[in-house]
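Observations on the model geometry
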Amino acid sequence: STSSTRLLSHDDGVPELDISIDSSSSTEATQIISSKVTSISDRRSMLISTSALALTSFAALSLPSASNAAETLEELSLGDAKWNNAADAATQSPSIPLSARIVPPSFATYLSRFLLHYDEGAGRWWEKQSDSFSLLASYEAKKRESKSFSSYTSSIQKGLYSYVSGENESNISSYSKVRAQYASLLNSLVDKYGSKEGAIRDIGLLFAMLPPVYQPTEQLLKLDKGVITQTGSNKGSKLDNFTPNFQEDFTLLLPNKYQIQYNDIEKSYTITPKINLFEIGISEEPGVTAISTTFGPLSSKPLLRERSLSLDIYALLGISGGLGCTLTHTLVIPLDVVKTRMQTNPGEYNGVFDGAATITREEGIGALLLGTQATIVGYLWYGISVYPSYAFFKRFIASSLLSPAFAVAHANDVALVAGALASVIASLGLTPLEACRIRAVAQPELYRDAGLIGTSQIIASENDELGWKKLYAGLPSLMIRQVIFGSIKFLAFERASEAIFSIHPEFREATVTALGVSLVAGGISGALSSVVSQPADSVLTYVAKDSGGNLGVFDGASKMIREGGVKSLFNGLGSRCVWAGCIIAGQFLLYDVFRAAFGITGEDLNQALTLTLDLNK
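The rules behind the values
- Within every chain, residues take consecutive numbers counted from 1 along the sequence as written.
- Where local features are concerned, this predicted model is filtered to residues with pLDDT of at least 70; where side-chain atom pairs are given and counted, the filter is 80 or more; whole-chain, interface and lining totals use all residues.
- No hydrogens and no water enter the side-chain calculation; it runs on all heavy atoms of the structure.
- What counts as a ring pair is set by centres within 6.5 Å for rings of Phe, Tyr and Trp (its six-membered ring), and what kind of pair is set by the plane angle: stacked under 30 degrees, edge-to-face over 60, tilted for all other angles.
- Working definition: helices are DSSP H or I runs of at least four residues, strands are E runs of at least two. Numbering for both runs from the N terminus.
- Relative accessibility decides the category of a residue: with a 1.4 Å probe and only protein chains considered, values under 20% of the type maximum give buried, values over 50% give exposed, and everything between is partly exposed.
- Two strands pair if DSSP finds at least two bridges between them.
- Interaxial angles span 0 to 180 degrees and are taken between N-to-C directions of axes, which are lines fitted to C-alpha atoms, for helices over the stretch in contact.
- By this rule, a helix spans an expected 1.5 Å times one less than how many residues it contains.
- In the sections that follow, a salt bridge refers to a side-chain nitrogen of Lys or Arg positioned within 4 Å of a carboxyl oxygen of Asp or Glu.
- Polar contact criterion, stated in full: a pair of N or O atoms within 3.5 Å, where within protein one must be able to donate a hydrogen and the other to accept it, and residues adjacent in sequence count only if both atoms are side-chain atoms.
- Throughout, a contact is declared for two residues whenever any of their heavy atoms are within 4.5 Å.
- Any angle from 65 to 115 degrees is called roughly perpendicular, while one under 35 is roughly parallel, one over 145 is roughly antiparallel, and all others are oblique.
- In this scheme the handedness of a crossing depends on how the near helix is turned from the far one: anticlockwise by less than a right angle means left-handed, clockwise means right-handed.
- For this classification, Asp, Glu, Lys and Arg are treated as charged, while Ala, Val, Leu, Ile, Met, Phe, Trp, Tyr, Cys and Pro are nonpolar and the rest, including Gly, are polar.
- Patches draw on residues past 30% relative accessible area with no salt bridge. Two like charges within 9 Å are joined, as are two nonpolar side chains (Val, Leu, Ile, Met, Phe, Trp, Tyr) within 5 Å.
- Note that accessible areas follow from Shrake-Rupley with a 1.4 Å probe, and for residues the cover is restricted to the protein chains shown.

Observations regarding the packing of aromatic side chains
Under the defined criterion, the tally for this structure stands at 26 aromatic pairs. Geometrically, the ring pair formed by Tyr 387 and Tyr 591 is stacked, given 4.2 Å between the ring centres and 25° between the ring planes. Placement of Tyr 387 in helix H13 (residues 372–401) and of Tyr 591 in helix H21 (residues 573–598) is noted, with a sequence separation of 204 residues between them. No difference in accessibility class separates Tyr 387 from Tyr 591, as the two residues are buried. Measuring from ring centre to ring centre gives 6.1 Å for Phe 490 and Phe 588, while their planes differ by 90°; the resulting arrangement is edge-to-face. One end of the pair, Phe 490, is in helix H18 (residues 475–503); the other, Phe 588, is in helix H21, and 98 residues separate them in sequence.

Considering the sheet that holds strand E3 (residues 79–85)
Spatial strand order, E3-E10-E9: three strands in an open sheet with antiparallel pairing. Of all strands in the sheet, those bounded by a partner on one side alone are E3 and strand E9 (304–306). Averaged over neighbouring strand pairs, the angle between their axes works out to 35° when direction is ignored. Here E9 pairs with strand E10 (residues 606–613) via three bridges, running antiparallel. Bridge assignment links Arg 305 to a residue of E10, and that residue is Gln 607.

Some words on helix H3 (residues 105–118)
In this model, H3 (14 residues) spans 20 Å end to end at C-alpha, consistent with the 20 Å of a helix rising 1.5 Å per residue. Most of H3 is tucked away, with 13 of its 14 residues classed as buried.

Some words on the pattern of salt bridges
Within this structure, the stated rule accounts for 14 salt bridges. A salt bridge links Glu 306 to Arg 395; its shortest N-O distance comes to 3.9 Å. With Glu 306 in strand E9 and Arg 395 in helix H13, this residue pair connects regions lying 89 residues apart in the sequence. On the basis of relative accessibility, which here comes to 13%, the residue Arg 395 falls in the buried class. For Glu 494, the salt bridge identified is with Arg 495, shortest N-O distance 3.8 Å. Residues joined in a network through salt bridges with shared partners are Lys 394, Glu 494, Arg 495 and Glu 498.

Section: the side chain of Ser 497
Inspection of the secondary structure puts Ser 497 in helix H18. For Ser 497, the side chain forms a polar contact with the main-chain oxygen of Phe 493, separated by 2.9 Å. Here Ser 497 is in contact with Val 517 and Ala 521, once residues within four sequence places are set aside.

Remarks on the environment of Lys 274
With respect to the secondary-structure elements, Lys 274 resides in the loop between strand E5 (268–272) and strand E6 (279–285). Residue classification places Lys 274 among the exposed positions, given a relative accessible area of 81%. Spatially, the C-alpha atom of Lys 274 lies 9.8 Å from that of Ile 260, the residues being 14 residues apart in sequence.

Comments concerning the packing of helix H15 (residues 411–442) against H18
The contact between H15 and H18 brings their axes to 7 Å, and the two run at 140°. Here H15 lies oblique to H18, going by the angle between them. Taken as a pair, H15 and H18 cross one another with a handedness that is right-handed. Contact residues: Ala 411, Asn 412, Ala 415, Leu 416, Gly 419, Ala 420, Ser 423, Val 424, Ser 427, Leu 428, Leu 430 and Thr 431 in H15; Leu 475, Leu 478, Met 479, Gln 482, Val 483, Gly 486, Ser 487, Ile 488, Phe 490, Leu 491, Glu 494 and Arg 495 in H18. Grouping the constituent residues of the contact of H15 with H18 by class yields 14 nonpolar, eight polar and two charged.

Some remarks on the sheet that holds strand E7 (residues 288–293)
In spatial order, the strands read E6-E7-E8; together these three strands make up an open sheet with antiparallel pairing. Among the strands making up the open sheet, the edge pair consists of E6 and strand E8 (296–299). Taking each pair of neighbouring strands and ignoring which way they run, the sheet shows an average axis angle of 35°. Sitting on the sheet, H3 is in contact with E6, E7 and E8, with an inclination near 110° to E8.

A look at a nonpolar patch on the surface
There is a patch of nonpolar side chains on the surface, built from Ile 319, Leu 323 and Phe 598 and spanning about 230 Å² of accessible area. A relative accessible area of 33% places Leu 323 in the partly exposed class.

Things to note about unusual backbone geometry
Cis rather than trans, the peptide bond between Thr 272 and Pro 273 has omega equal to -10°. Topologically, Pro 273 is positioned in the loop between E5 and E6. Although it is not a glycine, Asn 168 sits at a positive phi angle of roughly 55°. Here Asn 168 is to be found in the loop between helix H5 (138–165) and helix H6 (175–193). The residue Lys 267 is not glycine, and still its phi comes out positive at about 55°. Relative accessible area serves as the criterion here: at 51%, Lys 267 is assigned to the exposed category.

Written out as structure tokens, the structure is:
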């Protein structure tokens, strides 16, 4: 007799191939298959070839580089700016202690503005940063610019502190040593930027912000009196008063009327007219403290960027995903067996528990483990392929295919496309293994002893013209389901995690609570993915079960709505949400457990900007 194949719904977003035998209609089925085999073969070949091309591209394309908007900071003339592992930076103190405020926040923020205007590397970096936010709403763009400036200033301040405080912070207790370090810094700024119009004046204003005991007054007194009053060429210093957007445009410097004045009594410089250099503690974002100053915010955390992922990182992501998916689905093999039997033999069992009891009584306890080989190999491949593929495509699309501004403004769309492409690759390996699993479960008398390899060989030999392509009979429908479910899964997980951490930032601090967030966010992701993909899943299953096999997707949807209303598209949604929520929660939980064990958590995938002052550079 000839086997007929149809696609059934699988509640974690992966469809099942229903392999059933109908001896009475074998001749008719053979004729139908023969008449359509050429067109089916052509369509299937095209789909497989397209998917294979995506898989080849994943292996062949160069790995995406880290954001080039940040590379220009490495050209900072003030010192050596380098990107180091963010996890290493996290082990250091997040901010300079109050007892060692030898680098005042106002000094750090004004120096940061000074560099954005006078340093070519810093200026180009900031221009790229601002451009990358240009397609966002005005409020959101300003918010992100403020955050970028705040973190950039943090890196500047930490570099200044390391230089001024000396080796092992040996200078902190000596005013003269700190003053000598600032004197060297002043000379370096004059040498590097002094030839630019207005720079000397801004350098003088900068060092007048220091406490008198730290001011390098001897060096300030040596500055040319005519040059020190020369105003700069930037749009801010041409004005006599602060512009309304001074706190939002971080390239603006102090207006023309502000000058430095030497106080003979105190032997130090002050700014005239007097300016209020306020410093107020604020919460920049949940879990991140900052200081608001006259010249902008100063974060407690340095500037971060995504690091380039090497092949070994992708391999570890794949291993983490493979182990997580394999363990999750291995635990539910008995339930999968019962669900498959209920779908291939409708009406035979009165629920899951009755199905399990009947199968055990009639076939033995071992029958609940049918298809174990295919399940393990299938979901090992799924995890190995889908997680690193998502990471790769998300970075590659954002950094290589789109402009920075478009990628930032359409971050959700990038995540959806990356999830869809990753699902395409996962479907290539999962489809034949699902076919073998369903055969083993639905017809154990024929396939139990054949094993995974034997079952695949039997399926491939059923049609001489199709051959191994017969294993991909369910690829189109499975891929549609996978693309819809998989694209939503990753986006929903990331946004759910962000939402939870924004409410409870302290959950990031402990591994247990962070993993708990992964579990909850995974559950939300699975349930939401089920809701979004349910109509398509219902229609595809209905079309696949149609006896004539001639219904299209849109015709099938129309027929379902006519017969059962719109609600028919969501039949079984509740149980599917619960099932998928539990499965996806387990996947993401175990994925993050193994990532943490391999040392590839979020901080390990980021880099922090560190500045080492090189005054001879």
